[in-house]
Amino acid sequence: MPRLRASPEDFRVEEIPLYAPSGAGEHTFVCVEKRGRTTEDVAAQLSQIAGVARRDVGYAGRKDRDAVARQWFSVPRLAPERALGLTLEGVRVLEAIPHRHKLRTGQLAGNRFEILVREVDGGAAAHSAKVLSRLCAGGMPNRFGPQRFGWEGGNAEQGLRILRGEGAGMDRRKARFLVSALQAAVFNEALRLREAPLSSVERGEIAVVHASGGLFRVEDEGREQPRADAFEISATGPIFGGRTLDPDGRARERERAALAAVGIDPDTPIRPPRGIELRGARRALRVRPEDVALEPLPDAVRLRFTLPAGSFATVLIEELFGAAVAFGPSSR
């Protein structure tokens, strides 16, 4: 059985920043390489060192604990010279550059991955290479990976309880993350319910223009399909909340069914508790891996690829090797 994360060094990820820090300002952008630490743990420690509130430390996205991950944080009132001299368990500080503003969630162009999948025989390696070629041409499902839902899968259920007003006293950052897991569960369900190929667009669906991020309702699928074939546009699914462009027809019914499947009444307006903002968005149903390389090794495969921000490398691994990928060190 293919095995992922036999050691943290088997899973390497590096952020591709949306922009470079300016070199001047009250925040210091700190690039770290972490191993065996969660993003939130590192952010909390940096806030203590700088003597600032945890909410004042920013990062663009969470990175896996069981990996070697390079990512950026922004910390106010932390001099670059002091940041470069820090010694933190499981963390190396690589760069520290001033900037005017806090780094916020989502301010990220993408992530670059290098992953070693072990216990892969020659037949599985050859098959994965063929699947990878197909995914590079037509795109892979852009579903949320298991990390979003917690290793026991309970994050979405906790998010639903928060929406129902049962999260009194919970840290707001944690509550927002749990509600985002519920949003992810609805998206994954809407994606699962869609029977048409991901390379297609249906009348009434909301499509995204990849180059600009613009959204539009598909009125004539025959006219728009060539653009989808060229990967200029893709159908989208719901990140529920706020005022977003809603689909018509079969797509609307799928999204209502997805809400119901996680316990949300699609006919009742969603009113989040105080402190939880649900802006809502549309997310492409497919995404194309870029800068791809597959290297067969004895009893293993090394993969290198880049994904846009918010897409999950573990989903690509599942597409290549099946859902029965083992995690962690082998017991052999």
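Coordinates for the structure precede this section.
This write-up is about the structure you can find in this document.

Thresholds, definitions, all that
- Residues numbered from 1 in each chain as written.
- Predicted model: local features only at pLDDT ≥ 70, side-chain atom pairs only at ≥ 80, totals over all residues.
- Heavy atoms only, no water.
- Buried < 20%, exposed > 50% of the residue type's maximum accessible area, 1.4 Å probe, protein only.
- Helix = DSSP H or I, 4+ residues; strand = E, 2+ residues; numbered from the N terminus.
- Contact = heavy atoms within 4.5 Å.
- Polar contact = N/O pair within 3.5 Å; in protein donor to acceptor, adjacent residues only side chain to side chain.
- Axes fitted to C-alpha atoms, helices over the stretch in contact; angles between N-to-C directions.
- Parallel < 35°, antiparallel > 145°, perpendicular 65-115°, else oblique.
- Left-handed = near helix turned anticlockwise from the far one by under 90°.
- Nonpolar A, V, L, I, M, F, W, Y, C, P; charged D, E, K, R; others polar.
- Pairing = 2+ DSSP bridges.

## Things to note about helix 8 (residues 313-321)
Most of helix 8 is tucked away, with seven of its nine residues classed as buried. Of the positions making up helix 8, those classed as buried are Ala313, Thr314, Val315, Leu316, Ile317, Leu320 and Phe321. If you follow the buried residues of helix 8, they end up packed against strand 1 (3-4), strand 2 (11-17), strand 7 (108-118), helix 3 (122-138), strand 8 (140-141) and strand 15 (300-308). Gly322 sits one or two positions beyond helix 8 and adopts a positive phi of about 90°.

## So, the environment of Arg65
Mapped onto the secondary structure, Arg65 falls in the loop between strand 4 (58-59) and strand 5 (68-76). The class of Arg65 is partly exposed, set by a relative accessible area of 42%. Put simply, Arg65 and Glu232 are 167 residues apart on the chain and 35 Å apart in space, counted from C-alpha to C-alpha. Within the structure, the side chain of Arg65 is placed 3.4 Å from the side chain of Asp66, a separation counted as a polar contact.

## Considerations on the packing of helix 3 against helix 8
Two packed helices can be described by the angle between their axes and the distance between those axes. The contact between helix 3 and helix 8 brings their axes to 8 Å, and the two run at 120°. When the axes of helix 3 and helix 8 are compared, the pair comes out oblique. Judged by the twist between their axes, the crossing of helix 3 over helix 8 is right-handed. Of helix 8, the residues touching helix 3 (which contributes Ala124, His127, Ser128, Val131, Leu132 and Leu135) are Leu316, Glu319, Leu320 and Phe321. When the residues that make up the contact of helix 3 with helix 8 are grouped by side-chain class, the tally is seven nonpolar, two polar and one charged.

## Structural notes on the pairing of strand 9 (residues 206-209)
Taken residue by residue, a regular strand's side chains alternate between the two faces of the sheet. Residue alternation in strand 9 divides its side chains into two sets, Ile206 and Val208 and Ala207 and Val209, and both sets are buried. Pairing of strand 9 with strand 10 (residues 215-217) involves three bridges; the strand directions are antiparallel. Bridge pairing links Ala207 to Phe216 in strand 10. The turn joining strand 9 and strand 10, which pair antiparallel and follow one another in sequence, is formed by five residues; a positive phi near 85° is taken by Gly213. One ladder, built from three bridges, connects strand 9 with strand 11 (residues 233-239); its direction is antiparallel. Across the sheet, Val209 pairs through a bridge with Ile233, a residue of strand 11.

## Focus: the side chain of Arg54
Its place among the elements puts Arg54 in the loop between helix 1 (39-50) and strand 4. Within the local environment of Arg54, its side chain forms a polar contact with the backbone oxygen of Val57, the two atoms lying 2.9 Å apart. Those residues within four positions of Arg54 in sequence are excluded, and the remaining contacts are Glu40, Ala43, Ala44, Ser47, Tyr59 and Arg173.

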